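In case you want the letters, here they are:
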Amino acid sequence: MERTKTVQVKESKSTLDKIEEGMKLVKADLMAYKKAKNSKLVVLKDDKIVFLNPE
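Residues numbered from 1 in each chain as written. Predicted model: local features only at pLDDT ≥ 70, side-chain atom pairs only at ≥ 80, totals over all residues. Heavy atoms only, no water.

**Student:** Even after reading the chapter, I still don't get the overall build of the protein, so can you show me in this structure?
**Tutor:** Looking only at helices and strands, the protein features one helix and two strands. The order of α-helices and β-strands along the protein, N terminus first, is α-β-β. Scored against the burial criterion, the 55 residues of the protein give a buried share of 5%. Of the roughly 5,900 Å² of accessible surface on the protein, a fraction of 55% belongs to carbon and sulfur atoms. (Helix = DSSP H or I, 4+ residues; strand = E, 2+ residues; numbered from the N terminus. Buried < 20%, exposed > 50% of the residue type's maximum accessible area, 1.4 Å probe, protein only. Areas by Shrake-Rupley, 256 points an atom, 1.4 Å probe, with all protein chains shown as cover.)

Encoded structure:
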């Protein structure tokens, strides 16, 4: 017996779009983690290392 699957038409995303979407998820997860642990976030701003509060 052969099973038939419903084919859903999806827009094919380019690799760059997938990477951008993944990086947005990583950023959101990192911010949530830093808020939960109440630890500083280290960023590079204008060629200087800056420590920011998670809020």
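**Student:** Please explain a nonpolar patch on the surface as it appears in this structure.
**Tutor:** Together, Val 42, Leu 44, Ile 49 and Phe 51 line one region of the surface with nonpolar side chains, adding up to about 470 Å² of accessible area. Of all the elements in the fold, those that place two or more residues in the nonpolar patch are strand S1 (41–45) and strand S2 (48–52). (Patch = residues over 30% accessible without salt bridge, like charges linked within 9 Å, V, L, I, M, F, W, Y side chains within 5 Å. Salt bridge = Lys/Arg side-chain N within 4 Å of Asp/Glu carboxyl O.)

**Student:** Just to check I follow, could you spell out unusual backbone geometry for this structure?
**Tutor:** Where the residue is not glycine, phi is negative for most of them; where a peptide bond is considered, it is trans in most cases. Positive phi, normally seen in glycine, also occurs at Asn 38, with a value near 50°. Notably, Asp 47 is not glycine yet its phi reads approximately 60°, a positive angle. The topology assignment puts Asp 47 in the loop between S1 and S2. In this structure Asp 47 comes out as exposed when scored by relative accessible area, which is 74%.

Scope: geometric values only; no functional claims are made or implied.
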